[in-house]
Amino acid sequence: MFRYAYCGYAPYAGHARRSLREAWKSHAQYSWHAGPTLGVRRPLRYLAYKLDLDDAQLRELADILDRLKTARAQADVDGRRTTSDIAGALEPGEFDEAAARSALDARGRSQETLRSETLDVLKRLHRLLDPEQRRELAYLVRSGTVSF
């Protein structure tokens, strides 16, 4: 189709003319909205800038965000597994209530684990930040810029 097209989004200067496929790849890789989870690259840089973090705080924040990212990824895997189990309960001639109940219980446990991990992350963030940084983070959460 179009070999080269102008893309309004360029993550770095000097690359305004790129193929659409290259533009989409770079956007998906570096975009804040690339997925439903907090990644580590951009949120870390963004929060380090907005909260004016020192080096020790930056290392701790990287660990905190990595832990949250891992917990959310595991919850996604568990969600796909339970969806498959629910579909399996619907497939046979007769509804398999025990399998459906088991899948829904597993989904609830997964969500509870994610909730617990998110609470631990919030506690660690609160301990990590000084009062002014906490005030700025609260503003970012209220404005919808950052979500947990």
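Residues numbered from 1 in each chain as written. Predicted model: local features only at pLDDT ≥ 70, side-chain atom pairs only at ≥ 80, totals over all residues. Heavy atoms only, no water.

Peer 1: Before we move on, could you go through the overall build of the protein chain and cite the residues and values that matter?
Peer 2: When helices and strands are counted, the protein chain shows five helices and two strands. Of the regular secondary structure in the protein chain, the N- to C-terminal order runs β-β-α-α-α-α-α. Intrachain contacts of the protein chain at a sequence separation of at least 6 include 54% that bridge at least 24 residues. (Helix = DSSP H or I, 4+ residues; strand = E, 2+ residues; numbered from the N terminus. Contact = heavy atoms within 4.5 Å.)

Peer 1: Which residues make up a negative patch on the surface, and what values go with them?
Peer 2: There is a patch of like negative charges on the surface, built from Asp52, Asp54, Asp55 and Asp130. If you trace the backbone, Asp130 turns up in the loop between α4 (97–128) and α5 (131–142). What makes Asp130 partly exposed here is its relative accessible area of 36%. (Patch = residues over 30% accessible without salt bridge, like charges linked within 9 Å, V, L, I, M, F, W, Y side chains within 5 Å. Areas by Shrake-Rupley, 256 points an atom, 1.4 Å probe, with all protein chains shown as cover. Salt bridge = Lys/Arg side-chain N within 4 Å of Asp/Glu carboxyl O. Lys, Arg positive; Asp, Glu negative; His and termini not counted. Charge placed at Lys NZ, Arg CZ, Asp CG, Glu CD. Buried < 20%, exposed > 50% of the residue type's maximum accessible area, 1.4 Å probe, protein only.)

Peer 1: Any details on the nonpolar core? Residues and values, ideally.
Peer 2: Counting residues in hydrophobic clusters, the biggest one holds 16 residues, and the most contacted among them are Leu47, Leu51, Leu53, Leu61, Leu125, Leu129 and Leu137. Put simply, the parts of the chain that give this core at least two residues each are α2 (41–51), α3 (55–90), α4 and α5. Every residue in contact with Leu137, bar those within four places of it in the chain, is listed here: Leu47, Leu51, Leu125 and Leu129. (Core = buried A, V, L, I, M, F, W, Y, C linked by side-chain atoms within 4.5 Å.)

Peer 1: A description of the environment of Asp85 should follow, citing residues and the corresponding values.
Peer 2: Structurally, the position occupied by Asp85 is in helix α3. In the structure, Asp85 is positioned 17 residues away from Ser102 in sequence and 8.5 Å away in space, judged by C-alpha atoms.

Peer 1: Just give me the short version of the side chain of Gln133, but keep the residues and values in it.
Peer 2: One can find Gln133 in helix α5. Here Gln133 falls in the buried class, since its relative accessible area comes to 6%. In terms of polar contacts, Gln133 uses its side chain to reach the backbone carbonyl oxygen of Leu51, at 3.0 Å. Beyond its immediate chain neighbours, meaning those up to four positions away, Gln133 contacts Leu51, Asp52, Leu53 and Gln57. (Polar contact = N/O pair within 3.5 Å; in protein donor to acceptor, adjacent residues only side chain to side chain.)

Peer 1: Quick one: what's the story with the side chain of Thr82, residue by residue and with numbers?
Peer 2: Its location among the elements puts Thr82 in helix α3. Beyond its immediate sequence surroundings of up to four residues, Thr82 is in contact with Ala103, Ala106 and Arg107.

Peer 1: Lay out the pattern of salt bridges with the relevant residues and their values.
Peer 2: Under the defined criterion, the tally for this structure stands at eight salt bridges. Taking the shortest distance from any N to any O, the salt bridge between Glu117 and Arg67 comes out at 2.7 Å. Here Glu117 is found in helix α4, whereas its partner Arg67 is found in helix α3, with 50 residues between them in sequence. A relative accessible area of 21% means that Glu117 is categorised as partly exposed. Exposure remark for Arg67: the relative accessible area of 31% places this residue in the partly exposed category. A salt bridge links Glu112 to Arg115; its shortest N-O distance comes to 3.2 Å. Remark: Arg115 and Glu112 occur in helix α4; sequence separation between them is three residues, near one turn of the helix.

Peer 1: Give me the lowdown on the environment of Arg135, citing residues and values where you can.
Peer 2: Take Arg135: it is sitting in helix α5. For Arg135, a relative accessible area of 52% puts it in the exposed group. For the pair Arg135 and Leu51, spaced 84 residues apart in sequence, the C-alpha to C-alpha distance is 9.3 Å.

Peer 1: Account for the confidence of the model for the protein chain, with residues named and values stated.
Peer 2: The predicted model of the protein chain averages 79 in pLDDT, with 72% of residues at 70 or higher. No element of the protein chain has a lower mean pLDDT than strand β1 (residues 5–6), at 44, and none a higher one than α4, at 94. This stretch, residues 1–18, has a pLDDT under 50; its non-local contacts, to residues over four places away or in other chains, come to 24 contacts. Scored below 50 in pLDDT, residues 23–37 shows 20 contacts in the model against residues more than four places distant or in partner chains. (pLDDT = per-residue confidence, 0-100.)

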